[in-house]
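# Fold and geometry: a report
The residues making up each chain are set out below.
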Amino acid sequence: MLPYGVVNVDQLIAQVDRALRTVSNVAEASRPSPADALPEVELGEEDRRHAAALMRVNHVGEVCAQALYQGQALTAKDAHARHALERAAREEEDHLAWSAQRVGELGGRTSLLNPVWYLGAFAIGTVAGALGDRWNLGFLAETERQVEEHLSGHLERLPSDDVRTRTLVEAMRADEARHRDTALRLGAAELPRPIKVLMRVASQFMTRVAYRV
């Protein structure tokens with residue numbers, strides 16, 4: 001095992017490869033999409049466009065999640081924290097592939113700004129990891145808590161008869177809750193309120209932009 005601060009070239013190459021796959025929409029899911037076993041329903045044009053836009057927002061959230069966790073894992077000092085972050089990133093890659101697939105099924109497209117979202121989130125994750133593992137895990141826990149709220153809000157806004165999209169969002173929300181619980185169990189620190197507010201403001205900005213672009 002390399003000492004903290006020494007660059008692992010193999011790890012760096014893997015991070016670059018994952019980044020390229022994330023922003024190029026070529027992520028592969030390790031689990032089948034929960035929506036695959038459900039029938040497609042005929043949606044009106046307005047409902048279809050709305051559902052596609054919401055799933056585009058969710059896809060951007062997963063792009064950011066990949067970047068955040070990769071940045072955090074790169075600078076995490078504790079092996080348990082790093083493992084938790086890497087496992088979360090793998091499961092979020094399922095979400096990334098699922099949401100991209102669903103956006104396409106609904107006739108939409110993913111965000112044109114995905115490289116920008118990725119770079120910003122990776123920088124934030126790297127800083128969070130450098131602050132120490134308790135704060136790193138605290139950032140993970142708070143991120144997942146806010147994502148859970150975000151997905152719950154989407155469930156309220158999605159067409160009630162769009163069972164494929166709703167089932168997919170519910171499965172993603174369940175994974176986020178498990179990631180949050182894992183971070184708390186590993187000793188996540190409680191983030192200061194100003195940081196939580198700043199995270200929420202940034203998320204709201206991303207949501208408004210990604211819904212349209």
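Refer to the structure printed above.
Per-chain numbering applies: the sequence of each chain, read as written, is numbered from 1 onward. Only residues with pLDDT of at least 70 get local features here, since the model is predicted, and only at 80 or more are side-chain atom pairs given and counted; chain-wide, interface and lining totals rely on the full set of residues. Processing note: side-chain calculations cover all non-hydrogen atoms of the structure and skip hydrogens and water entirely.

## Structural notes on the overall build of the protein chain
The number of helices and strands found in the protein chain is seven helices and zero strands. The numbering of helices and of strands both runs from the N terminus, where a helix is a DSSP run of H or I of at least 4 residues and a strand a run of E of at least 2. Reading the protein chain from its N terminus to its C terminus gives the helix and strand order α-α-α-α-α-α-α. Two things to know: the radius of gyration comes from C-alpha atoms, and the globule rule equals 2.2 Å times the number of residues to the power 0.38. Against the compact-globule benchmark of 17 Å for 213 residues, the protein chain has a radius of gyration of 17 Å, which places it among compact chains. With the C-alpha coordinates of the protein chain rotated into their principal frame, the extents come out at 55 × 35 × 30 Å. We call a residue buried when its accessible area falls under 20% of the maximum for its residue type, exposed when it is over 50%, and partly exposed in between, using a 1.4 Å probe and counting protein chains only. Within the span of the protein chain, comprising 213 residues, buried residues form 46% of the whole. Counting only contacts in the protein chain whose residues sit at least 6 apart along the sequence, the fraction spanning at least 24 positions is 87%. Residue contacts follow a heavy-atom distance rule, with two residues in contact if any of their heavy atoms lie within 4.5 Å.

## Some details on the pattern of salt bridges
Between side chains of opposite charge, a pair can form when the charged atoms approach closely. When a carboxyl oxygen of Asp or Glu lies within 4 Å of a side-chain nitrogen of Lys or Arg, that pair is called a salt bridge. Overall, the coordinates contain 16 salt bridges when judged by the stated rule. In this structure, arginine 145 engages glutamate 142 in a salt bridge whose closest nitrogen and oxygen atoms are separated by 2.6 Å. One end of the pair is arginine 145 and the other is glutamate 142, both in helix H5 (residues 133-157) and three residues apart, which spans about a single turn. Measuring nitrogen to oxygen at the nearest pair gives 2.7 Å for the salt bridge that ties glutamate 149 to arginine 145. Of this pair, glutamate 149 and arginine 145 both sit in helix H5, separated by four residues, roughly a single helical turn. Relative accessible area serves as the criterion here: at 38%, glutamate 149 is assigned to the partly exposed category. Several salt bridges share partner residues, and in doing so they unite Arg31, Glu91, Asp94, Asp175 and Arg178 into one network.

## Considering the side chain of glutamate 142
Relative accessible area serves as the criterion here: at 6%, glutamate 142 is assigned to the buried category. In the analysis that follows, any N or O atom pair within 3.5 Å is treated as a polar contact, provided that within protein one partner can donate a hydrogen and the other can accept it, and provided that, for residues neighboring in sequence, both atoms belong to side chains. Here the side chain of glutamate 142 touches glutamine 146 through a polar contact of 2.9 Å, side chain to side chain. Setting aside anything within four residues of it in sequence, one finds glutamate 142 in contact with Leu191, Lys196 and Met199.

## Some points on helix H7 (residues 193-212)
By this rule, a helix spans an expected 1.5 Å times one less than how many residues it contains. For H7, built from 20 residues, the straight-helix expectation of 28 Å at 1.5 Å per residue is met to within 8% by its first-to-last C-alpha distance of 30 Å. Of all the positions in H7, only Lys196, Met199, Met206, Thr207 and Ala210 are classed as buried. Viewed end-on, H7 has its buried residues packed into an arc of 105°, placing them on one side of the element. Relative to its buried face, H7 has exposed residues pointing more than 90 degrees away, namely Arg193, Pro194, Leu198, Arg208 and Arg212. On its buried face, H7 is in contact with helix H2 (45-75), helix H4 (114-130) and H5. Here, the arc refers to the directions that run from the helix axis to the C-beta atoms.

## Points about the packing of aromatic side chains
Only centres within 6.5 Å qualify two rings of Phe, Tyr or Trp (six-membered ring in Trp) as a pair; their planes then separate them into stacked at under 30 degrees, edge-to-face at over 60, and tilted for everything else. Taken as a whole and judged by the stated rule, the model has one aromatic pair. A centroid spacing of 6.3 Å and a plane angle of 10° characterise the contact between tyrosine 118 and phenylalanine 122, whose relative ring orientation is stacked. Residue tyrosine 118 and its partner phenylalanine 122 are both found in helix H4; the two are separated by four residues, about one turn of the helix. The class of phenylalanine 122 is partly exposed, set by a relative accessible area of 24%.

## Focus: a nonpolar patch on the surface
Where nonpolar side chains cluster on the molecular surface, the patch consists of Val127, Leu131 and Trp135 and spans about 310 Å² of accessible area. Here leucine 131 is to be found in the loop between H4 and H5. The residues that make up patches have over 30% relative accessible area and no salt bridge, and they are joined within 9 Å when like-charged or within 5 Å when they are Val, Leu, Ile, Met, Phe, Trp or Tyr. For accessible areas, the Shrake-Rupley method is used with a probe of radius 1.4 Å. Any residue's cover is judged against the shown protein chains and nothing else.

## Comments concerning helix H6 (residues 163-185)
For H6, built from 23 residues, the straight-helix expectation of 33 Å at 1.5 Å per residue is met to within 8% by its first-to-last C-alpha distance of 33 Å. Arg164, Thr165, Leu168, Val169, Met172, Asp175, Glu176, Ala177, His179 and Ala183 are the residues of H6 that are buried. Of the surrounding elements, those touching the buried residues of H6 are H2, helix H3 (79-105) and H5. Looking one or two places after H6, you find glycine 187, whose phi comes out positive at around 100°.

## Points about the side chain of serine 99
Its place among the elements puts serine 99 in helix H3. Using a relative accessible area of 0% as the deciding quantity, one classes serine 99 as buried. Here the side chain of serine 99 touches histidine 95 through a polar contact of 2.8 Å, landing on its backbone oxygen. Here leucine 96 takes part through its backbone oxygen, which lies 3.2 Å from a polar atom of the side chain of serine 99. Setting aside its immediate chain neighbours within four residues, serine 99 contacts Met55, His59, Glu62 and Leu168.

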